Protein chains: 4
Amino acid sequence: MTMLQDRIATMPPAPGRAFASDNAAGALPQVLDALVAANTGHALAYGADRWTAEAEARLRDLFGPDSTAFLVWNGTGANVMALATLTRPGDAVICTEWAHIHVDETAAPERVAGVKLLPQPSPDAKLQPAQLEAQAHLLGVQHHAQPTVVSITQSSELGAVYTADEVAELCEVAHRMGMLVHMDGARIANATAALGGSVGALRSFTVEAGVDVISFGATRAGLAFGEAVVFLRPELATRAMYVRKQVNQLSSKMRFLAAQFNALLHDDLWIRAAEHANAMTQRLYRLTDELPTVVHLDAPQVNSLFPSLPPAAIEPLREWCFFWDWDVEAHQVRWMTSWDTTADDVERFAAGVRHLLATED
Amino acid sequence: MTMLQDRIATMPPAPGRAFASDNAAGALPQVLDALVAANTGHALAYGADRWTAEAEARLRDLFGPDSTAFLVWNGTGANVMALATLTRPGDAVICTEWAHIHVDETAAPERVAGVKLLPQPSPDAKLQPAQLEAQAHLLGVQHHAQPTVVSITQSSELGAVYTADEVAELCEVAHRMGMLVHMDGARIANATAALGGSVGALRSFTVEAGVDVISFGATRAGLAFGEAVVFLRPELATRAMYVRKQVNQLSSKMRFLAAQFNALLHDDLWIRAAEHANAMTQRLYRLTDELPTVVHLDAPQVNSLFPSLPPAAIEPLREWCFFWDWDVEAHQVRWMTSWDTTADDVERFAAGVRHLLATED
Amino acid sequence: MTMLQDRIATMPPAPGRAFASDNAAGALPQVLDALVAANTGHALAYGADRWTAEAEARLRDLFGPDSTAFLVWNGTGANVMALATLTRPGDAVICTEWAHIHVDETAAPERVAGVKLLPQPSPDAKLQPAQLEAQAHLLGVQHHAQPTVVSITQSSELGAVYTADEVAELCEVAHRMGMLVHMDGARIANATAALGGSVGALRSFTVEAGVDVISFGATRAGLAFGEAVVFLRPELATRAMYVRKQVNQLSSKMRFLAAQFNALLHDDLWIRAAEHANAMTQRLYRLTDELPTVVHLDAPQVNSLFPSLPPAAIEPLREWCFFWDWDVEAHQVRWMTSWDTTADDVERFAAGVRHLLATED
Amino acid sequence: MTMLQDRIATMPPAPGRAFASDNAAGALPQVLDALVAANTGHALAYGADRWTAEAEARLRDLFGPDSTAFLVWNGTGANVMALATLTRPGDAVICTEWAHIHVDETAAPERVAGVKLLPQPSPDAKLQPAQLEAQAHLLGVQHHAQPTVVSITQSSELGAVYTADEVAELCEVAHRMGMLVHMDGARIANATAALGGSVGALRSFTVEAGVDVISFGATRAGLAFGEAVVFLRPELATRAMYVRKQVNQLSSKMRFLAAQFNALLHDDLWIRAAEHANAMTQRLYRLTDELPTVVHLDAPQVNSLFPSLPPAAIEPLREWCFFWDWDVEAHQVRWMTSWDTTADDVERFAAGVRHLLATED
């Protein structure tokens, strides 16, 4: 029996929750309580109900009186709705090569919104202002799709966070070049938590930084389902309700979506939950960073780690407690925490990692 | 004070629930219980969970071993996903002028699925076999979009039900002409209830009649949200999972959708609930049919009435208990019942109608 | 031998040209001369050449200094480019049930421009202002595609001509409702000829009437190929060059397209040629109208007749000199003249018709 | 006066034709003669004419009895038609980062064909088999658009030519992975000339190598306008005629397109003309390669050079005789010859280059 097989055979107890994704978590109890509480009598469909009015008002409170929010089903739908609303035939969208809209949406932006994506290389899935400027040669040339939207992901698909200043600079360059800025905020809660944990922090890197439209992520933050598209200037939103319906994102019994939002946005629950998820990743980082066989990227900013592991250890560890590969050739995996990850989960997981990968025994 | 004003001022107590739509109803208690019960620990996202496996199996039990079911968000999404999966560039879809895909989906079939609709006139929103045959001149002519799918709505947008024989005849003609048949079953539960109230009845007008793909409606039947697209032959489903993602219909935390289905499909709850809704409409019909000022269409088959009313009475009646207009010029409205409409709701509503519209006082 | 067979066997000499379509005609000699003359040395591609500059200037002279013209390949391309430039997701286009965009473009408007068509019934393929107003109930409702463009065909697919006043009234209603007006001018030359035969006539029913964008038909008027899309207000044209390229309508060696236009527009050749085509149809009408077996619609305005004929005579007559069916069930056919139809063609054809169909012998 | 200014002031006589593009050339005289000769009487529209039948037969002779050819307007249209015919919702197309479909078609593939492009890096605009295999991880994953077509450009956008063996290997890998192979043959004539200059050479790298569909370029080869889409297996072509119409590529007076093809394909004129264009580039390469200030890529295979030049010389040289930039930052330009470039043009141009750039005076 090899040493690895021996270690596998003697793994400590597994955590109660795996580290696969914040999408693998359930819903916050307050959120489901609110969903159930909305099941009272009749309410007009398609958003003409009091729960939806409240959710729209809560989002307007977050993003200011010029903003308009539309509740939608899911993240791909939110992104496609935002892009379809902002673009016309012949338009292109600048993003990074890691962007969810580019990698993980089965060409929905191309086919449903009708845009071309212009993915840019990036080590941390963040876009740089110079990458916008480098597209200037496309502008005004009839043979090239015209970049009219910049889409950035906050926090990024590689767990990096744009500071408010970084967003502001991107917006400044984009607007100067005649482009609008879309923020894919699938994990905007984690970014908000990382940047101060307050509504003021949220505003600093969105409305105050000059962002034009946001996919406000709520499912990963703790809903059973539901996201929002928030237009930060009224003139951008005039056609949005038709686009929402056309891209299949209009819920009939919308109160069940809205009620969840109302619970999530109450008393900053969404920020508190994300702070917890981020903290669990910090803890996991600290508990595994000293292991020479676990090669982390930089210290985490939000709720994910992307460690490289010894190849032979990956499958045994995954079988013990599930997580996803990130880059198979680089033996890089992704460990992700969520609102319901417990300190005990983290400690058990780190204990298993140490058991399997520590070199000093 | 006029007689009408006098009657308005003395209306009896309003019902607890209005007659606006089955979309205005909430969710069945069993459905929400199941949704809440699914909120236990982690489960892999995007359908790799046990609730989804169970829901897919339950739908396969309904429609037979050759069928494949995909859970989706909403009815427009289900229809668009079905049509996009079955069609190619240059294709058209035959439907009636009343079809939801034509009237109420903000051109999603045209823009997202890329098909042309060929709406046919119909007094009851049912399609006739001769209307398919009349499109034969389009086939093989390069200037015309090619009709390759027939979309019928069961029960129809005007509350009519296709018998199993009628569906079979449409399928026979469609298949002979090289076309596939899509059934928009937004109210397939009500049709099943009307045609015998059993799984055998469902099968008789779907899989046994030759239908190719079904939008299986579940929201109106009692879910908080959720529909299914069911392909009845394996070869039609091979590309469907990519299309579901592309048309924004893939749920991340899919267990919350699947768990509802499992409750709805358990012990034929979906049929029982629809039988009740249908019965409430029957009762309302009987309680108002004798009034000469309320002109009904034929006796209802499912859960909706489309009466014509004296113009001056419509707004006062609506203010007392809400319902939607159907054809403003014809003074025709729609009264719709749902799984939660009570006998008391119906009796109170009929009493109000009689109070306002009876001519013999 | 029956009388019909006897007549068939003794038909007089057939015309040199059939009456199938103005698309069956060749190109005007002046047009091909100009095309050949443009084959001199090198010229920058994609329109950066002097022939294109001249053609754009000639079209600007026709439609005024606020207009912008784009040369394109064909009529479907012109229409799709116009509609794609003017619309956004969720938009619909009002037209008649006979509209070429609805009947004969293989769903290109739906799939490529992404619009829903709202075809209206019409006895003469002309749209009525009241038909626009009847769509007002769609406006502002999220479930309905929003009518934002009205597309009228001048002259219509049934050979009818809108007067300048009629166009102006449609434009007035459309604009009041927030819609733009597209004129499919596949046979705008024939309409111009019918309404006075001058550039002033053209202007009266286009720019002066309030039309927003025109598909300016030139192929049927005498080109080998080529049409133009003319935007009558600068702000409508800002994105048009990208759309032209995207919908595959940008010619590389554009001088060969532009040179033809320059010949066609020189000295009103396009109007003179259309006057001739119209006159040939008038002559054919006069020579066949007295036959009781040939049932014409109203006296022709442009270059087509839609007579109903004795069923048994249609195929023999077609074999002798080709034309297309229009409505098979009504035994209605279409006879069409073109710029090169001669008086001799017409007289021979009428002689054949009389030989076969005269009842008095 | 600087030495450069002095040289500019004393440039020798400029060539009669510039080196901008093979799209800047006119049409072969035989081609225009044939176009003019087709202007005789009436011919049924949309391809039901004898010229089109001949052109289709000539292309079938080139590519074998299983092939089916469709005449179209232009290169973008040919590519979009090919891709739209071969793909379904959720599909992606693998190409290089230099591919015309990616760089120069204003997102027509994305918006009109509805596909996602997966551009791969390449030093010579040729795709490598390993780059196909590297996409295998996308297959079968619902979150990713499915690569179902590989599009290669022959000769490539950087003037490189795939050998028959290289194409065969790409086809073998593609087919093994379940993908079809599209060849963008905008300059297929130049590649044919480079690979042997015979129909046999053409067949060796197309039908015999396993290619599935070809955009057969004819405009650059010497037409005024016109390309063809050739499907090499019958089952791929069954829907193509509807797609051609839908993507705006169906010519009404198609004889004027077909007649040109018939002249071009007669007696291998297209190959002879391309051989000449290639030879002119070879000559220009030899006449400028010894200059140390002109840094060529490898020896040219077809009709283009991509030299890097001293920055200060580019604009003066361009003003004297036009050409396009290729990579502004690298001071790289493109010199391109065409069927009508003369030896005198080349010698005059080389003389000017030497005059301006020679360092030894």
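Note on numbering: residues in each chain are counted from 1, in written sequence order. Here chains are named by letter from A upward and ligands by number from 1 upward, in the order in which they appear as written. At least 70 in pLDDT is required for a residue's local features to be given in this predicted model, at least 80 for side-chain atom pairs to be given and counted, and no such filter applies to totals for whole chains, interfaces and linings, which use all residues. Water and hydrogen atoms were dropped before computing side-chain values, which therefore reflect all heavy atoms in the structure.

A. Broad picture of the overall build of chain A. In terms of helices and strands, chain A carries 15 helices and 10 strands. Radius of gyration: C-alpha atoms only; globule rule: 2.2 Å multiplied by the number of residues to the exponent 0.38. Against the compact-globule benchmark of 21 Å for 361 residues, chain A has a radius of gyration of 21 Å, which places it among compact chains. Only protein chains enter the accessibility calculation, which uses a 1.4 Å probe; a residue whose area is less than 20% of its type maximum is buried, one above 50% is exposed, and one in between is partly exposed. Each of the 361 residues in chain A was classed as buried or not, and the buried ones make up 65%. Sequence-distant contacts, at least 24 apart, represent 76% of the contacts inside chain A between residues at least 6 apart. Helix numbers and strand numbers start at the N terminus; a helix is a DSSP run of H or I with at least 4 residues, a strand a run of E with at least 2. Throughout, a contact is declared for two residues whenever any of their heavy atoms are within 4.5 Å.

B. Focus on the relation of the copies chain C and chain A. Superposing chain C onto chain A takes a rotation of 180 degrees plus a shift of 0.0 Å along the axis, which leaves an RMSD of 0.0 Å. Here the copies are linked by what is in effect a two-fold axis. Among all residues of chain C, the one whose C-alpha sits closest to the rotation axis is R88 of chain C, at a distance of 3.2 Å. An overlap of 100% is found between the interface residues of chain C and their copies at the interface of chain A, pointing to a shared contact surface. Least-squares fitting of one copy onto the other uses the C-alpha atoms of those residues that reach a pLDDT of at least 70 in both copies.

C. Main features of the sheet that holds strand 9 (residues 324-327) of chain A. Residues and elements named next belong to chain A. Strand pairing is defined by DSSP finding a minimum of two bridges between the two strands. Spatial strand order, 8-10-9: 3 strands in an open sheet with antiparallel pairing. In the strand order of this sheet, the two ends are held by strand 8 (304-305) and strand 9, each with one partner. In this structure, strand 8 lies alongside strand 10 (residues 332-336), joined through 2 bridges in antiparallel fashion. If you follow L305 over to strand 10, its bridge partner there is W335.

D. Region of the structure containing the packing of aromatic side chains. Stacked, tilted and edge-to-face are the three classes applied to pairs of Phe, Tyr and Trp rings, where Trp contributes its six-membered ring and a pair requires centres within 6.5 Å; stacked means planes under 30 degrees apart, edge-to-face means over 60, and tilted covers the rest. All chains considered together, the criterion is met by 56 aromatic pairs over all chains. Between W98 of chain C and W326 of chain C, the aromatic rings sit 5.8 Å apart at their centres with planes inclined by 25 degrees, giving stacked as the arrangement. With a gap of 228 residues between them, W98 of chain C in the loop between strand 2 (91-96) and helix 5 (100-103) and W326 of chain C in strand 9 (residues 324-327) connect regions that are remote in the sequence. With a centroid separation of 6.2 Å and 75 degrees between ring planes, the pair formed by F323 of chain D and W335 of chain D is classed as edge-to-face. Of this pair, F323 of chain D sits in the loop between helix 14 (311-320) and strand 9 (324-327) while W335 of chain D sits in strand 10 (residues 332-336), placing them 12 residues apart in sequence.

E. Fine view of the interface of chain D and chain C. If you look at the interface, chain D gives 54 residues, while chain C gives 54 residues. Accessible area, probed at 1.4 Å, shrinks when two parts are joined; the buried area is that loss added up over both. Between chain D and chain C, the buried area comes to about 4400 Å², and carbon and sulfur atoms account for 54% of it. In protein, a polar contact requires one atom able to donate a hydrogen and another able to accept it; more generally it is a pair of N or O atoms within 3.5 Å, and residues adjacent in sequence count only if both atoms are side-chain atoms. Summed over the shared surface of chain D and chain C, the result is 36 residue pairs in polar contact (both at pLDDT 80 or more). Contributions of two or more residues to the side of chain D that touches chain C are made by helix 2 (29-37), helix 4 (75-86), helix 6 (108-113), helix 11 (240-246) and helix 12 (255-265) of chain D. Top element by residues in the side of chain D that touches chain C is helix 6 of chain D. It accounts for 4 residues.

F. The arrangement of the relation of the copies chain D and chain C in detail. Laying chain D over chain C is done by rotating through 180 degrees and shifting 0.0 Å along the axis; what remains is an RMSD of 0.0 Å. In this assembly the copies share their binding face: 100% of the residues contributing to the interface of chain D also contribute to that of chain C.

G. The arrangement of the interface of chain C and chain A in detail. The partner chain A presents 25 residues to the 25 residues of chain C that form the contact. Salt bridge criterion: a side-chain nitrogen from Lys or Arg within 4 Å of a carboxyl oxygen from Asp or Glu. There are 2 salt bridges connecting chain C and chain A. Taking the shortest distance from any N to any O, the salt bridge between R239 of chain C and D91 of chain A comes out at 2.5 Å. Contributing elements (two or more residues each) for the side of chain C that touches chain A: helix 4 (75-86), strand 4 (146-153) and helix 11 (240-246) of chain C. Here the element with the most residues in the side of chain C that touches chain A is helix 11 of chain C; it accounts for 6 residues. Each residue belonging to the side of chain C that touches chain A can be placed in one class, and the counts come to 9 nonpolar, 10 polar and 6 charged. Any residue that is not Ala, Val, Leu, Ile, Met, Phe, Trp, Tyr, Cys, Pro, Asp, Glu, Lys or Arg is counted as polar, Gly included; the first ten are nonpolar and the last four charged.

H. How the structure looks around the sheet that holds strand 8 (residues 304-305) of chain C. Residue and element names in this part refer to chain C. Here 3 strands make up an open sheet; going across it, the order is 8-10-9 and the pairing antiparallel. At either margin of the open sheet sits one strand with a lone partner, and together these are strand 8 and strand 9. Where strand 9 and strand 10 (residues 332-336) come together, 3 bridges link them in antiparallel fashion. Its bridge partner lying in strand 10, D325 is registered against V333.

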